[in-house]
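Listed below are the residues making up each chain.
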Amino acid sequence: MAERPWDARRQARARRILKRAWERPSDGFVDFFLPLRAGEELSVAGCVDIRVVRGQVQVWGACLQPSRAFQRIVAPAWGALPRLRGEASGTEACAAADEDTDVHEFLSQRSWPIVICARLVSRPSSVNIGVGDSQETDLREALRAAFLLGEERPRLCTHRSWPSLLQNFLALRGNVTAEGSAWQPQVLLVVGAKNVGKSTCCRHFVNTLLSAVGVVFFLETDLGQPELTPPGLISLHRICAPLLNFSPAAQPDERNKCLVSLFAGGTTPAVHPILYARSVRAAVDAYFEVCQKHPGPSPPPPLVVNSHGWLTGLGLELVHAVLRAVRPQLVIRIRGNSVALVEDLAANDSGLTLKRKRSLLARCGPLTQGLLEASPRAEEEAPSVLVDVESIAKSSSSEAKSRSVRQPLAGELRWLRFAAYFRGDMDPCKPPMGFPLRSFFEPLPRTRLPLRRLRFGLVHGPLPPGEIEATFTGTIVALCSLRSISAAGVAHPCVSEDDREIGHHPEGTCPVVELGEDVVARCVALAFVHAFDTTCNELVVYVAGPPAALESVDCVLRGDIQWEPHSVRGQQVVVEHATSLGASPMQPFCSSWVLEGLAVGARAPTTRTNLKRRRLEGRPKGAA
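Residues numbered from 1 in each chain as written. Predicted model: local features only at pLDDT ≥ 70, side-chain atom pairs only at ≥ 80, totals over all residues. Heavy atoms only, no water.

A. Seen up close, the sheet that holds strand β8 (residues 83–87). Read across the open sheet, the four strands follow the order β3-β8-β5-β6; overall the sheet is antiparallel. Two strands close off the open sheet at either side, each with one partner strand: β3 (41–43) and β6 (62–64). Taking each pair of neighbouring strands and ignoring which way they run, the sheet shows an average axis angle of 25°. Here three bridges tie β3 to β8, and the two strands are oriented antiparallel to one another. Bridging across to β8, E41 finds its partner in R85. Strands in contact with helix α1 (residues 8–19) are β3 and β8; relative to β3, the strand with the most contacts, it is inclined by about 90°. (Pairing = 2+ DSSP bridges. Helix = DSSP H or I, 4+ residues; strand = E, 2+ residues; numbered from the N terminus. Axes fitted to C-alpha atoms, helices over the stretch in contact; angles between N-to-C directions. Contact = heavy atoms within 4.5 Å.)

B. Structural context of the pattern of salt bridges. Here the structure, examined in full by the defined rule, presents 23 salt bridges. For the salt bridge of D49 with R72, the shortest nitrogen-to-oxygen distance reads 2.8 Å. With D49 in strand β4 (residues 46–54) and R72 in strand β7 (residues 71–75), this residue pair connects regions lying 23 residues apart in the sequence. In this structure D49 comes out as buried when scored by relative accessible area, which is 10%. Among the residues examined, R72 registers a relative accessible area of 41% and is labelled partly exposed. (Salt bridge = Lys/Arg side-chain N within 4 Å of Asp/Glu carboxyl O. Buried < 20%, exposed > 50% of the residue type's maximum accessible area, 1.4 Å probe, protein only.)

C. How the structure looks around the packing of helix α6 (residues 273–292) against helix α9 (residues 366–374). Where α6 contacts α9, the two axes come as close as 9 Å, and the packing angle between them is 15°. What the angle tells us is that α6 and α9 run roughly parallel. The way α6 lies across α9 gives a crossing that is right-handed. Each of P273, I274, A277, R278 and R281 in α6 lies in contact with α9, whose residues at this interface are L367, G370, L371, E373 and A374. (Parallel < 35°, antiparallel > 145°, perpendicular 65-115°, else oblique. Left-handed = near helix turned anticlockwise from the far one by under 90°.)

D. Representation of the side chain of H308. Take H308: it is sitting in the loop between β14 (303–306) and α7 (314–326). The class of H308 is buried, set by a relative accessible area of 4%. When residues no more than four places from it in sequence are discounted, the contact partners of H308 are G192, K198, T221, D222, P269, Y276, G315, L318 and V319.

Below, the structure is given as structure tokens:
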């Protein structure tokens, strides 16, 4: 990936590459064979399947070799576009051995060092494929729309220090060993403020390490804008395929497996900081357990950790908790323009009032002590190297005005992630747009869970038993299997198998559960509650996963997640035909509580009993 930005010279080269494209029908699609030289680049927009026929191609850190298998690249119109770059291969450039006869004849007649095959999965709505003579022209227009966008569109660029950082990080694999024959885990942590490119940087690091070692673990601790899961979850993934989907609505690759998924209560760790710290520790312990069982003389796969962008007050304390839990060897801190501006104002003493820093006394409160208990310090702390890197994200107002497509807000992107989780058939390149509730959930089957084995609870406080049905109907919940963490860091079920089978509470009643100080919620799936069927004593939900995966569910938790299919930042609903029963966004037995959002910002502290404060514990203000 080139470090320099996209310019007119690269745009002209891309235009010449597309003129030499060869069209070939295949399996109902039209494949385009594109020639490249070493160093030439193409930018990708939309949803395109790519495979390498000859040579080697790099896409955002991932090195693609000749293969018959396609790699899907998803690049929405509102984001920076990824770039395909031809790389000089050390071996002789050759095509895959199982290519078809016409492809071999085509390659034998040309001496192109690099050839890629592109298949357009989705084309812009402005491009209509015609019939007859006009079809070839329309296909060329679709090809140019995918690979030849305007020069003003932003393209992804790497920082010049990233290759050297990863090279030094890989050099530690042969030297980092623990006592005895067990390997010490190798961890890389990326921190930084909001909108500085942490997720994009982690994606590049994962792809680069994947090309070097074959398997990489990825830990997501950003609850608001995660990469591979819906918001509200802390997840550990085993990455075996490159991360080339740059849209929050894109479905993850089936080759990448989620090992651990823990529900943290909301889209921000402020909902339950202690549960957030415990969940991070439980996910890291799962990775350490894999490293201990890793066989063979080679070291275990490295771990890349993404963090949230809240770096002030309590958010900074949570970043420290993540740092204590993962114990990284390399910490990359991405510094944006806003951070530098704040430091300059503080140095110049221009008279502006900045936020008061947390003193040492403020860090001795019950909440901070709870974070230390949830994520304690290691007995022998491994040394960490901190590297400051300038952000490459473009966020100036002038560039934002020049974009033809509006950049979705953070809340809209979260809505899109939830919508794509339930509806995998959504177009990942379209902007967020609300749907009527009936139309959104119509393709999904209704799953029924027996109430006799379920318990219900709220993450941020107690739940009266008489308000369970009103609290959960029409909301997103986490279908969990509660786990208790022992002092040794081992997680075991909170409900025995005997109690789960016989149903330890009478029919018609729903028991309430409160999260203890040593409990984490292992999320099996997220669900949208349709109704409580009191006749059959069942809970009716919409869930994306197969029903067989819900056998281990023993608890239904609700946090501070507000999501509805028909509401994207308060926009109007796409109304169906007037005669349709789905014309109204609210349906019987599947409507959210109308008083849910009232006075949320001014609710009493007694409703947030999960936060450890001196005033809630009855301790005097001056007590430590």
